Every structure is written in structure tokens, then in C-alpha cells.
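Each chain is listed here by its residues.
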Amino acid sequence: MELIGVIGGGTMGAGIAAVCAKAGSEVLVLETRQEFAEAAQQRIASSILRGVASGKTTQTDADTAIARVRVTLDIDEFADRDLVIEAAPEIESLKYEIFGKLDKIVKPSGILATNTSSIPVIKVAGATQRPEQVVGVHFFNPVPVMPLVEIVVSLVTSEETVAAVTDYAKNTLRKITVQAGDRAGFIVNALLIPYLCQAVRMLESGYACAEDIDAAMKGGCGYPMGPLTLLDTVGLDVALAAAESLHAEFAEPHYAPPTLLRRMVDAGRLGRKTGRGFYHYN
């Protein structure tokens, strides 16, 4: 795979585009407005240039990678892509619309992937006439740093599709890959979301303060980051969407989103990306 498309240039989309470009792929990113496109281009360039600051790459290599990325407002330009990775907001209707359009535009051999963290792959596959070529390719934030990619296989995803995306993620992007069945939460979020929700419930009940909850899990369990800091990093809206999806599918109490999490999302306190979540950020 040499020609990669990314739908959405936000935090996740920009990270995916950056790692693909650094790995040598030609990357086309779709945005909806010119100002969003300019912000996405800057976000991707900044991500790639961090490697220069840390000494992991040279300025020349970074400039070459940045030159491999182009942001467009025209979805018709994705016709020649070998693999298109959708990284749009976690809104089912939006994803269905995107996949329906991509199915009509992308060449017949092209693979369509979703970076969803909670929506079943079979649902977005159903918006296309090529469901066997639709797969989940779930990256983690921040994409350039986190080594894992979950390859999510629906009931109709072909073995050839799974092999192709696994090979690309493992051997081109140099990521660790795991294969998961197409159920809400896949592997990581199915285990992680109840833990995060319980941390919010503990804070909400006044059992312990945010700083002590995070310090306890770092010092007592050896986690690199406490649960509330992790929520701020992931985005409270993303975590809420994942919890709602898990609870809708399994109806188990430990998946139910805490009231405080809902209220913080309603208030726009989404974590680092808005400057305030469980903590304040500059």
C-alpha cells in the first residue's frame, strides 16, 4: 500500500497521517472547511517535527515526510487510494454517510477502514457494496507514540483484507497489532472503560480527590498515567461515546457512563483539547 487516505484531520486523523507519511506513504487528508484544512496541515507538520526535536529523525527526513501529505476538501480525490482510514467523530450517521460516499468513489480494490473506538464495523460496512473490504483499524492517542493497533474483523471482512491491513500496520508503520472480534469496545476499551468510569464514580462520590485517585493508580499499580489524567488525554467525549456504546450492547452496569462524565461533556470540559477536564491546562 502506497497511497493512503485519511478522513478527518483532527487529533487522531493528524496522528494517523503523520505516522503513515513518516513510513513513506503518500497521504491525502480530507477536511470539510479551508480553515480546518490549514489547521490539519499544521497539526500534521508539528507532529512530524517533534521527531526532530527529540533527535529521532533528521530535519531532511521530516521535511520529506511533510511533503508527502496533502489536505483536500474534495472527497472525489480519494479515487486512487489503496487504503482509506476514516477518523471522523464518533457519530454513527456521519460514518455511514462517509462510507457510502467512499464506496462510490474509491477504486474497487481499495480497502475502507474505520478508526472507530466503539461503533461495530459491520454497521459501517453495511453502508457499502464492498463489506468484505471494510475493516476496523483502531489506533490509540497519541498515534505517533502509542504502539498498538487493533485490527477489528467483522463477520464478513475477508481474510485478504485482514492480511493486507495487518501487514501495513505491522511492517510499514511498525506497530504492534492485535486482532479483535467486532463487538463494542474491541479488546482495549472493553477492559479500560469500566476502569475509567469507576474512577469518575469515585471522584463523584467524594471518596477521593482527582489527584489522589491518579497518584494511587500510578504508585500502587505502576500505571504510567492515572485514570482521570488519561480521560483528559483521550477526551471525555470520546470516553462517553465508548461507554454508551458498550452499555447499549451489553447492558451491564459497569459500562454505564457516570453522571459526572455526562455533565462535563455537556459543559464542554472535554480534557486537554479544550483546556479543561478533570484538570486545567494552558
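Residues numbered from 1 in each chain as written. Predicted model: local features only at pLDDT ≥ 70, side-chain atom pairs only at ≥ 80, totals over all residues. Heavy atoms only, no water.

**Some thoughts on the overall build of the protein**
Looking only at helices and strands, the protein features 11 helices and eight strands. Computed over C-alpha atoms, the radius of gyration of the protein comes to 19 Å, within 12% of the 19 Å expected from 2.2 N^0.38 for 282 residues, which places it in the range of a compact globule. Looking at the 282 residues of the protein, the share that counts as buried comes to 49%. In the structure as shown, the protein presents an accessible area of about 13100 Å², 55% of it carried by carbon and sulfur atoms. Here the protein carries 26 positive and 33 negative side-chain charges, and the mean point of each set is 4 Å from the other. (Helix = DSSP H or I, 4+ residues; strand = E, 2+ residues; numbered from the N terminus. Rg over C-alpha atoms; globule rule 2.2 N^0.38 Å. Buried < 20%, exposed > 50% of the residue type's maximum accessible area, 1.4 Å probe, protein only. Areas by Shrake-Rupley, 256 points an atom, 1.4 Å probe, with all protein chains shown as cover. Lys, Arg positive; Asp, Glu negative; His and termini not counted. Charge placed at Lys NZ, Arg CZ, Asp CG, Glu CD.)

**Focus: unusual backbone geometry**
Here the amide bond leading from Asn141 into Pro142 is cis, since omega sits at 0°, within 30 degrees of zero. Locating Pro142 in the fold gives a position in the loop between strand E6 (134-139) and strand E7 (148-153). In this model, Arg174 sits at a positive phi of 60°, which is unusual for a non-glycine residue. With respect to the helices and strands, the residue Arg174 is situated in the loop between helix H6 (159-172) and strand E8 (176-181). Notably, Ala251 is not glycine yet its phi reads approximately 55°, a positive angle. If you trace the backbone, Ala251 turns up in the loop between helix H10 (236-250) and helix H11 (259-266). Here Ala251 falls in the exposed class, since its relative accessible area comes to 58%.

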